[in-house]
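This is what each chain is made of:
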2 protein chains.
Amino acid sequence: MAPETRPRVVIVGAGFGGLSAARALAGAAVQVTVVDRRNFHLFQPLLYQVATAGLNPADIAWPIRSLLRDQANAEVVLGEVSGIERTAREVLLSDGRRLPYDYLVLATGATHNYFGHPEWEAVAPGLKRVDDATLIRRRVLLAFERAEASGDAETRRRQLSFVIIGGGPTGVEMAGAIAELARKALCRDFRHINPGDARIVLVEGGPRLLGSFPPALSDYAHRALTRMGVEVQLDRRVLACHEAGVETDAGPLPAATLIWAAGISASPAARWLVVAADRAGRVQVEDDLSVPGLPGVYAVGDTAALSIGGQPVPGIAPAAKQAGEHAARQILRSLAGAPSQPFRYRHHGNLATIGRHAAVIDFGRLRLRGGLAWLLWGLVHIYFLIGARNRLLVGGQWLFSYLTFGRGARLIAGSDPR
Amino acid sequence: MAPETRPRVVIVGAGFGGLSAARALAGAAVQVTVVDRRNFHLFQPLLYQVATAGLNPADIAWPIRSLLRDQANAEVVLGEVSGIERTAREVLLSDGRRLPYDYLVLATGATHNYFGHPEWEAVAPGLKRVDDATLIRRRVLLAFERAEASGDAETRRRQLSFVIIGGGPTGVEMAGAIAELARKALCRDFRHINPGDARIVLVEGGPRLLGSFPPALSDYAHRALTRMGVEVQLDRRVLACHEAGVETDAGPLPAATLIWAAGISASPAARWLVVAADRAGRVQVEDDLSVPGLPGVYAVGDTAALSIGGQPVPGIAPAAKQAGEHAARQILRSLAGAPSQPFRYRHHGNLATIGRHAAVIDFGRLRLRGGLAWLLWGLVHIYFLIGARNRLLVGGQWLFSYLTFGRGARLIAGSDPR
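Residues numbered from 1 in each chain as written. Chains lettered and ligands numbered in written order. Predicted model: local features only at pLDDT ≥ 70, side-chain atom pairs only at ≥ 80, totals over all residues. Heavy atoms only, no water.

**Student:** Mind showing me how you'd approach the interface of chain A and chain B here?
**Tutor:** Accessible area lost when the parts come together is the quantity often used to give the size of an interface. Contact with chain A, which involves 48 residues of that partner, is made by 47 residues of chain B. Roughly 4,100 Å² is buried in total at the junction of chain A and chain B, and carbon and sulfur atoms are behind 49% of that figure. Considering only the surface of chain A that becomes buried against chain B, Arg65(A), Arg69(A) and Arg389(A) emerge as the three largest contributors, covering 17% of it. At the junction of chain A with chain B, the criterion picks out seven salt bridges. (Contact = heavy atoms within 4.5 Å. Buried area = accessible area lost by both parts, 1.4 Å probe. Salt bridge = Lys/Arg side-chain N within 4 Å of Asp/Glu carboxyl O.)

**Student:** Looking at this model, I keep getting lost on a nonpolar patch on the surface. Mind explaining?
**Tutor:** Residues and elements named next belong to chain A. A surface patch of nonpolar side chains, amounting to about 310 Å² of accessible area, comprises Leu-372, Leu-375 and Leu-379. Position of Leu-372 among the secondary structure elements: in helix H10 (residues 371-384). You can call Leu-372 exposed: its relative accessible area is 54%. (Patch = residues over 30% accessible without salt bridge, like charges linked within 9 Å, V, L, I, M, F, W, Y side chains within 5 Å. Areas by Shrake-Rupley, 256 points an atom, 1.4 Å probe, with all protein chains shown as cover. Helix = DSSP H or I, 4+ residues; strand = E, 2+ residues; numbered from the N terminus. Buried < 20%, exposed > 50% of the residue type's maximum accessible area, 1.4 Å probe, protein only.)

**Student:** Just checking my understanding: could you explain the relation of the copies chain A and chain B for this structure?
**Tutor:** The relation between the two copies of this chain is a rotation about an axis and a shift parallel to it. In screw terms, the move from chain A to chain B is a rotation of 180 degrees and a rise of 0.0 Å along the axis, fitting with an RMSD of 0.0 Å. The superposition operator between the copies reduces to a two-fold rotation axis. In this assembly, 98% of the residues forming the interface of chain A have copies in chain B that are likewise at the interface, indicating an isologous arrangement. (Least-squares fit on C-alpha atoms with pLDDT ≥ 70 in both.)

**Student:** Got a minute to help me understand the sheet that holds strand E13 (residues 230-233) of chain B in this structure?
**Tutor:** In a beta sheet, neighbouring strands are held together by backbone hydrogen bonds and run either parallel or antiparallel to one another. Residues and elements named next belong to chain B. Read from one edge to the other, the open sheet built from four strands follows the order E13-E12-E11-E17, with strand pairing classed as parallel. Each of the sheet's edge strands pairs with one partner strand only, and the pair in question is E13 and strand E17 (257-260). Going from strand to strand, the sheet's axes swing by 20 degrees on average, the running direction of each strand aside. Direction of pairing for strand E11 (residues 161-165) relative to E17: parallel, over a ladder of four bridges. Bridge pairing links Ile-165 to Trp-260 in E17. Docked against the sheet, helix H4 (residues 130-149) engages E11 and E17, running at close to 155 degrees with respect to E17. The sheet strands contacting helix H6 (residues 169-185) are E11, strand E12 (199-203), E13 and E17, and the helix crosses E12 at an angle near 175 degrees. (Pairing = 2+ DSSP bridges. Axes fitted to C-alpha atoms, helices over the stretch in contact; angles between N-to-C directions.)

**Student:** Explain the packing of aromatic side chains to me, please; I cannot follow it from the model alone.
**Tutor:** In this description, an aromatic ring pair is defined by two values, namely the gap between the centres and the angle between the planes. Residue and element names in this part refer to chain A. Considering all chains together, one arrives at 20 aromatic pairs over all chains under this definition. Among the aromatic residues, those joined into a cluster by ring pairs are Tyr-114, Phe-115, Trp-120 and Trp-260. Over the ring of Phe-405 we find Arg-356, and its NZ or CZ is 3.7 Å from the ring centre. (Phe/Tyr/Trp six-rings, centres within 6.5 Å; stacked < 30°, edge-to-face > 60°. Lys NZ or Arg CZ within 6 Å of the ring centre and 35° of its normal.)

**Student:** Looking at this structure, I do not really get the environment of Leu294(B). What am I missing?
**Tutor:** Residue and element names in this part refer to chain B. For Leu-294, the position within the fold is in the loop between strand E19 (283-284) and strand E20 (297-299). When the C-alpha positions of Leu-294 and Val-163 are compared, they lie 43 Å apart, and in sequence the two are 131 residues distant. Once residues within four sequence positions are removed from consideration, Leu-294 is found in contact with Arg-86, Leu-273 and Val-275.

Right under this line is the structure:
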């Protein structure tokens, strides 16, 4: 079949789900087009380390073009999707381009959910994109600078207060990383303040941290964070976020730096398709990941809402990868005239790191915490980075941080819209 | 002497000159305050590699606070200087703070000079700061993306055209690095364009490239760039820079990406002091680097205009370092009641790299070009990086780029004011 007459598969989003779908189509008699508004694939699980000056953005990002360079049937389009023409079967880009498709995989990921308060985003940024991470890094580092520059005790206290909203893995990792930054990396760098005096508060709405983990590991994480000087507040509702801090149902938390790690909501894929979505905006899919009523259209990863046996598929990287591969296989089955198969999610486990020598791992039967879990967490993350270059860069910088307690990427660059 | 009664030395700028002045005062009975508007010291000689996606900003930057952490008599102030009160002997910061001084070292460096056309900066950014480098990286990478996305031959040609204005070391290095990016790193990543078709033009106003080097090395650089596919235009005057390209006295050069490597002018230190400056805005200093009529005030590096034996001291890192140390020594002599000494600049040599296996080195009697010069250039630059972490990160990334022809930091992040 000549390349130009091959069925066209358009994949929107080059995260874990979209990239694995594209790769699973390597060698197949299809034309694959991967669209993303960024030119790089991002390893989001380590983004919190960019936000806390431990790693560089490029250490955990790869140009999508390079990743698909050797896949002859794939091309990469840098562009922002503005809509989808269901009937004409075209993806619309904001610059007016149109990408016709025979099959469509929506792997657009998630964004933050401010529970109806989008105005909180300006003061309490979340952590999904590289630009979020460099913005948070800038704010965290500037807070210490402003505390050092101020002669006023009240200002200093406020600048040295950090509130992280949301006690899931991202919130726990951010709180632990900021605590280590303040108490170790920065501790001898200032003359008028002691960065170790920083107040770091982790606010969680539920009754325990890491709700997706077994309670014993939640308790461990709570104790480990407390030992590191993080103040954990459970069962707290956030009523408002503003320049001066957070209002909770238990009173105000004055702080100059707020970080949002609470809710996520899906990208607008369901709106583009005008199909049913759950409360978080995720597309309701059939058990084979196809979108009901739209033949040849699939949604994967954080874009899709799917429960298997009453258990929702979690919004983590391995689940997105498996879903991407499954969608690719269904496209190939459809082309071969074979019936589709239901998606079977294999859960390998949950991991979260808290700080030096402290992490939790839940592999079902195997549950680990402490130093060994921390070591395994590091090895797993290095393993899943793509390519020797990034493994060495991340591994090398971790080794240096471990030995010196330092953070290498302490740049206050760019400007802040705030 | 109690610390608070010690003479106060304020150093404005933590580049090569300011940092070496601060370090030369370690252990002395003075209070040192280093002011910079950025929180990091930047190794500017490698900034062009950030602009061409070879290195990360943090690989060539260090937090000033960390560098001076162990120097008990030094403190670091993050702030923008807005002026100097000569009579009250105070440095004014834009946020209203005032830093009183007994001695003042101005090491504020240089910025770009658009020869009376500041409006050119928006379309033809220079390369002095980290934000310049990430902006240029963004524009260079986006140009290839826009060429790939466009179906119009004219647009493609314009997007694949790059003009570098100024044939000194920075211009030569940028032209060579963009040529390698286009012809090697990106060559297999696109489907509709051949990045190797890129037109890269280096425009120089004088009769040869690298005017500060011996003519034989200029010729070599010219030939090496030509071999790499760079179009070198000598004796060309730039009449205008705009969105569509450059106008020269020999006709227009249509191009989407312009980079300014032509003129530099000093920071506003001379205006702050209301003292005599040369045409580039540099403070006219005495032979001991002091500013005439202002006892205890010194200017070093690109802030100062000084000729020794009719030869101007060049605006390179080693000269700034030596001047910073000299100013520090004069402060100590002044405190000891000793007369000041003239600055003696020891010129070690000039280096510039062109591309893989191609560089020029002029050590006076020893002149090198080609592969050996290129190797030496790399070793010298690794050697002058501060600390094992950055040496390993830069060295490791160079090794990977060398072996794979790839560039690791190909991120299009942030936004562009243009």
